[in-house]
Amino acid sequence: MYNFKKIEKKWQEHWDKNNTFKTEIDNDKKKFYMLVEFPYPSGEGLHVGHGRVYTASDVQARFRRALGFNVLFPMGWDSFGSPAEHYAIQNHIHPKEAVTRNIEVFRGQMKSLGLSVDWNREFATTDPDYYKWTQWQFLQFYKHGMAYKAKKDINWCPNCKIGLSNEDASGGVCERCGTKVVQKEKEQWMLRMSDYAEELLDGLEDTKFNNRTKIAQVNWIGKSTGAEVDFSLKGLDDKLKIYTTRCDTLFGVTFMVIAPEHPLIEKYKDRIKNIKEVSEYQEQAKSKSEFERTELVKDKTGVCLDGIVAINPVNNKEIPIWISDYVMMSYGTGAIMAVPAHDQRDYDFAKKYGIDIIEVIKGGDISKCAYTEDGEMVNSGFLNGITNKKDSIEKMLDYLVEKKIGKRKTNYRLQDWIFSRQRFWGEPIPIVNCPKCGYVPLDEKDLPLLLPDVAEYEPTDNGESPLAKISEWVNTTCPKCGGAATRETDTMPNWAGSSWYWLRYMDPHNAREFASKEAMNYFGKVDLYDGGMEHATRHLLYARFWNQFLYNIGLVPNKEPFEVRISHGMILASDGEKMSKSKGNTVNPNEMIRNYGADALRTYEMFIGDYSKDASWSENGLRGCFKFLNRVYTLKDKVNEKNGYSEELETIIHKTIKKVTEDLTNLDYNTAVSALMILLNEMEKSSSITKDEYRVLLQLLNPIAPHITEELNEECKLGEELSKSSWPIYDEDKTVSEKVEIGVQINGKLRDTITVLKSSSKEELEQEALKSEIIKKWIEGKEIVKVIAVPGRIVNIVIK
RNA sequence: GCAAGAAUGGCGGAAUAGGUAGACGCGCUACUUUGAGGGGGUAGUGAAUAUAUAUUCGUGGGAGUUCAAGUCUCCUUUCUUGCACCA
């Protein structure tokens, strides 16, 4: 068993001492920017899932360096967030203390994994030097009219007295105390992200994100094209505006539905005879969390407005108006036209309340709601007889525009970004509220606006941020008029700090600007961004939005920040379940490193399976990789004094260089390890190997297992330090041996194999195949219909 | 419900462009080495039939295209992920 403890410690200290992985701008070299999502430094430390991701990124960094790139491979900490705040509340210490401690642990663990990170560039989002620029960028949003304050419903825990994000309120209950969450209206800072919907969609064309990620983004933006149609209200000089993607079904409308929050109700409350019932319903809808409203999909409820009736603009029919919580105020106009014959939700509602169902597209089964794409239009006046959905929509749109009762309209699911949190542990929003001047941004020279050092972080009773209680911090003077004013007490969401961190890595110590133009021009886009699928929508969208905004105001050189985005799979426990403390199925990476070494852990995490897919942990698998490294180590005894490649190993060496090079390029880490195992197996069969042969094996293995390979390279005096050496090259012609074995089939079934020269022609292959005794036996007495011979691949003889 | 992806031995997983399915590893079996071990080595290991040579079957299921299908087309089942009363 090789002494991995000693070797790994030695090389980690060597890299630290020599600043081996320090990156600087070098205009003579092409850059490669490898970015991996920075972690939230929790109290738990790294788990083996982190190990897989950081190892894979490190393999890329080391590989690209060997290929001659100037690699930027930084690491930092996404250290704002509620766990640190909870910890602070319980222990009455400033969250920055817990953060500092946790970062120490994380950094130590990463170093013990042997990551080739440039630690000179490390920072945390909670560093005032960093969040100064987060605040500065917020002010740019504000100054460009992209930040505004608006009343919004938020998830509110009446017990903890705190606003919760949707994630923290999943299941409709407070994540911390289990209390049912209610909706509460609050004034919130918003960023106009919906203005960027089209640009965010278009920008995807300029990226090489994997398909899954692109689709997730497209779905999240949720572009839909349709029409807005005005329904007049009987006896009133007013209209009800609805949004629909299927205006072709207008003749099938039998009722309207508006969201419970729709302003129409307040406006005409005197006319609505059953206003009491309506108000009760509104209250009930309000007390439901967003979760409940969307979960109870099947059970539709509603109240019909008694006293207001709409008129269908295409046939002047009177139509009742209902309120129901299956219509959301936040999408479209908060009102819909209901076509129960052709929409499942409308159908369910109509069935429950006994509303008419009118078929307008023939072909489906009306008794259970028909999703009809194309069918003949019926009961539809001027649309009757049309059999194509697109045509009938177009004809209706023309009609609506001509009669001035509607227009084309594109809608997006994407909404503005709620940018306020009522929390302590976030970037303070650098705005002052002056009774005279209104909202006034802080002067940029007064940034960073620091979080105060106090000992209490409990939330307030009224839903304000804990900062609101700290009067000496809140009370200030107006930067504009100098009069008494108060600070904004909301802080930024956790997503803020991660929305531009890749820019700061390029120039992390810059005190004058968030990053210099020179650094941003040189390092450019992130070449490869690795992260979890759970961030493929929000984080990635926020980051792209933020960057596009900075680009549009001329502060960054590229509109899209990331060239390639990949998403890795999770490491599951050996039982196939998610690892969790409560299940007791977690694996401690420290323990694995202690027992088998970082190199074995790294090798195993690369070998475990397809990097983009989830994989189950197996300590036996890790042991297999440990064994592999031990065999690589033992192989040193076979190294002779010769250079060059022996005839025996030449082909397999060229083949392996090619395979590993391609696999690392394509992120197929598992097959790269497998190819190296095959190479080792072959080398072990030889009585001795040359120095160059051993060095190639070590070089190819170096990105994956950097410590042991450096050690062996040094010990056997094979050449320059591997982390400074360039990647081995291969000769395509030498990747296949002169003689190849190919299969011979009879009617598509394998019957024999023959060994032929790789250059053999079709005719030679055919001749050779027919010489085989086994083949002769099979074709005896049969008629050969034809022979297919594909050089280098197969011979297939078709007989009758 | 919508969208995307996946399904291959006892297990994790390979298979370039349709061309010898199961590479590589784990596990298991036999032998061997050592004082012992979750140690080292050698050989075997998809299933069935067979003394052996060998034959048949085999990539979730069903059809199809082709000389040839894990791979392409259509249908279908199951699972995973993302979004979800989005009008």
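Structural notes, computed from the coordinates. This is a predicted model, so every value here is computed, not measured.

**A closer look at the overall build of chain A**
Thinking step 1. Broken down by element type, chain A carries 25 helices and 25 strands.
Thinking step 2. By its C-alpha atoms, chain A is 100 × 85 × 50 Å across when sized along the principal axes.
Thinking step 3. Looking at chain A as a whole, 54% of its 800 residues qualify as buried.
Thinking step 4. Within chain A, counting contacts between residues at least 6 apart in sequence, those at least 24 apart form 71% of the total.
Thinking step 5. Summed over all atoms, the accessible surface of chain A reaches about 35,900 Å², with 47% contributed by carbon and sulfur.
Thinking step 6. Each charge class in chain A was averaged separately, 110 positive and 120 negative side chains, and the resulting centres sit 1 Å apart.

**Considering the sheet that holds strand β25 (residues 794–799)**
Thinking step 1. Taken in spatial order, the 4 strands of this open sheet run β23-β22-β25-β24, and their pairing is mixed. Of all the strands in the sheet, just β23 (749–757) and β24 (784–790) have a single pairing partner and so form its edges. This sheet shows a mean twist of 20° between the axes of neighbouring strands, independent of strand direction.
Thinking step 2. Bridging between strand β22 (residues 739–746) and β25 involves 4 bridges; their strand directions are parallel.

**Side note on the protein's contact with RNA strand B**
Thinking step 1. The environment of RNA strand B is made up of 49 residues, and the closest members are Thr245, Lys300, Arg345, Arg623 and Glu741.
Thinking step 2. Measuring from a base oxygen of RNA strand B, one finds a side-chain N or O atom of asparagine 796 at 2.7 Å.
Thinking step 3. The greatest single-element share of the surface near RNA strand B, amounting to 6 residues, is contributed by helix α21 (residues 669–685).
Thinking step 4. The residue makeup of the surface near RNA strand B, split by class, is 21 nonpolar, 12 polar and 16 charged.

**Focus: α21**
Thinking step 1. Between its first and last C-alpha, α21 extends 25 Å over 17 residues, near the 24 Å set by a 1.5 Å rise per residue.
Thinking step 2. Burial in α21 covers these residues: Tyr669, Ala672, Val673, Ala675, Leu676, Met677, Leu679, Leu680 and Met683.
Thinking step 3. Those residues of α21 that are buried lie in contact with α2 (48–66), α18 (598–607), α19 (619–634), α20 (647–665) and α22 (691–701).

**Some remarks on the pattern of salt bridges**
Thinking step 1. Here the structure, examined in full by the defined rule, presents 41 salt bridges.
Thinking step 2. Through salt bridges with shared partners, a single network forms among Lys10, Glu711 and Glu714.

**Description of the nonpolar core**
Thinking step 1. Counting 165 residues, the largest nonpolar core has Phe138, Trp502, Phe514, Trp617 and Tyr694 as its most contacted members.
Thinking step 2. Top contributing element to this core by residue count: α21, with 9 residues.
Thinking step 3. In this view, tryptophan 502 contacts Tyr33, Leu35, Val526, Ala543, Asn547, Pro561 and Phe562; residues no more than four positions away in its chain are not counted.
Thinking step 4. Of all hydrophobic cores here, the second largest spans 50 residues; its members include Leu233, Val253, Leu397 and Ile405.

**Some remarks on the packing of aromatic side chains**
Thinking step 1. Within the structure shown, the criterion is met by 49 aromatic pairs.
Thinking step 2. Each ring, one from tryptophan 502 and one from phenylalanine 562, has its centre 4.9 Å from the other, and the planes form 65°; the classification is edge-to-face. Note that tryptophan 502 is positioned in helix α14 (residues 501–505) and phenylalanine 562 in strand β19 (residues 562–568), a separation of 60 residues in sequence.
Thinking step 3. You can call phenylalanine 562 buried: its relative accessible area is 0%.
Thinking step 4. Seen from their ring centres, tyrosine 522 and phenylalanine 523 are 4.9 Å apart, and the 75° between their planes marks the pair as edge-to-face.
Thinking step 5. The side chain of arginine 565 reaches across the aromatic face of tyrosine 529, ending 4.7 Å from its centre.
Thinking step 6. Across from the ring centre of tryptophan 778, 3.7 Å away, lies the NZ or CZ of arginine 751, which sits over that ring.

**Observations regarding the sheet that holds strand β2 (residues 70–72)**
Thinking step 1. With respect to topology, 4 strands assemble into an open sheet ordered β2-β1-β18-β19, the strand pairing being parallel. Sheet topology places β2 and β19 at the edges, where each strand pairs with a single neighbour. Recorded for the sheet is a direction-independent mean angle of 20° between the axes of neighbouring strands.

**Considering the environment of isoleucine 429**
Thinking step 1. For isoleucine 429, the location among the structural elements is in the loop between β13 (417–418) and β14 (431–434).
Thinking step 2. With 290 residues separating them in the primary sequence, isoleucine 429 and leucine 139 have C-alpha atoms 8.8 Å apart.
Thinking step 3. With residues near it in sequence (within four places) discarded, isoleucine 429 still touches Phe138, Trp189, Phe419, Ser420, Leu449, Glu488, Asp490, Thr491 and Met492.

**Examining the pairing of strand β10 (residues 318–323)**
Thinking step 1. Alignment of strand β8 (residues 255–258) against β10, held across 3 bridges, turns out to be parallel. By the bridge assignment for β10, isoleucine 258 is matched with isoleucine 323.
Thinking step 2. As paired strands, strand β9 (residues 303–311) and β10 are joined by 5 bridges and run antiparallel to one another. Bridging across to β10, cysteine 304 finds its partner in tryptophan 322.

**A look at the packing of α21 against α22**
Thinking step 1. One can describe the packing of α21 onto α22 by two numbers: an axis separation of 11 Å at closest approach and a directional angle of 160°. With respect to each other, α21 and α22 are oriented roughly antiparallel. Remark: the crossing between α21 and α22 carries left-handed chirality. Across from Leu676, Leu679, Leu680 and Met683 in α21, the residues of α22 making contact are Glu693, Leu697, Leu700 and Leu701.
Thinking step 2. For the contact of α21 with α22, a count of residues per class yields 7 nonpolar, no polar and 1 charged.

**A closer look at the state of the cysteines**
Thinking step 1. Per the counting criterion, the structure on display carries 0 disulfides.
Thinking step 2. Counting only cysteine sulfurs, cysteine 481 is the nearest neighbor of cysteine 434, a cysteine outside any disulfide, at a range of 3.6 Å.

**Some details on the pairing of β23**
Thinking step 1. Relative to β23, β22 runs antiparallel, the two being bridged by 8 bridges. Bridging from a neighbouring strand, glutamine 745 pairs with leucine 750 of β23.
Thinking step 2. Here β22 folds back onto β23, and the loop between the two strands holds 2 residues, one of which, asparagine 747, carries a positive phi near 50°.

**Remarks on unusual backbone geometry**
Thinking step 1. Geometrically, the link from leucine 447 to proline 448 is a cis peptide bond, its omega value of 0° lying close to zero.
Thinking step 2. Positionally, proline 448 belongs in the loop between β15 (438–441) and α13 (471–474).
Thinking step 3. Phi angles above zero are rare outside glycine, and asparagine 19 is one such case at about 50°.
Thinking step 4. Along the chain, asparagine 19 falls in the loop between α1 (4–18) and β1 (31–36).

What counts and what doesn't
Residues numbered from 1 in each chain as written. Chains lettered and ligands numbered in written order. Predicted model: local features only at pLDDT ≥ 70, side-chain atom pairs only at ≥ 80, totals over all residues. Heavy atoms only, no water. Helix = DSSP H or I, 4+ residues; strand = E, 2+ residues; numbered from the N terminus. Buried < 20%, exposed > 50% of the residue type's maximum accessible area, 1.4 Å probe, protein only. Contact = heavy atoms within 4.5 Å. Areas by Shrake-Rupley, 256 points an atom, 1.4 Å probe, with all protein chains shown as cover. Lys, Arg positive; Asp, Glu negative; His and termini not counted. Charge placed at Lys NZ, Arg CZ, Asp CG, Glu CD. Pairing = 2+ DSSP bridges. Axes fitted to C-alpha atoms, helices over the stretch in contact; angles between N-to-C directions. Near = heavy atom within 4 Å. Polar contact = N/O pair within 3.5 Å; in protein donor to acceptor, adjacent residues only side chain to side chain. Nonpolar A, V, L, I, M, F, W, Y, C, P; charged D, E, K, R; others polar. Expected span 1.5 Å × (residues − 1). Salt bridge = Lys/Arg side-chain N within 4 Å of Asp/Glu carboxyl O. Core = buried A, V, L, I, M, F, W, Y, C linked by side-chain atoms within 4.5 Å. Phe/Tyr/Trp six-rings, centres within 6.5 Å; stacked < 30°, edge-to-face > 60°. Lys NZ or Arg CZ within 6 Å of the ring centre and 35° of its normal. Parallel < 35°, antiparallel > 145°, perpendicular 65-115°, else oblique. Left-handed = near helix turned anticlockwise from the far one by under 90°. Disulfide = S-S within 2.5 Å.

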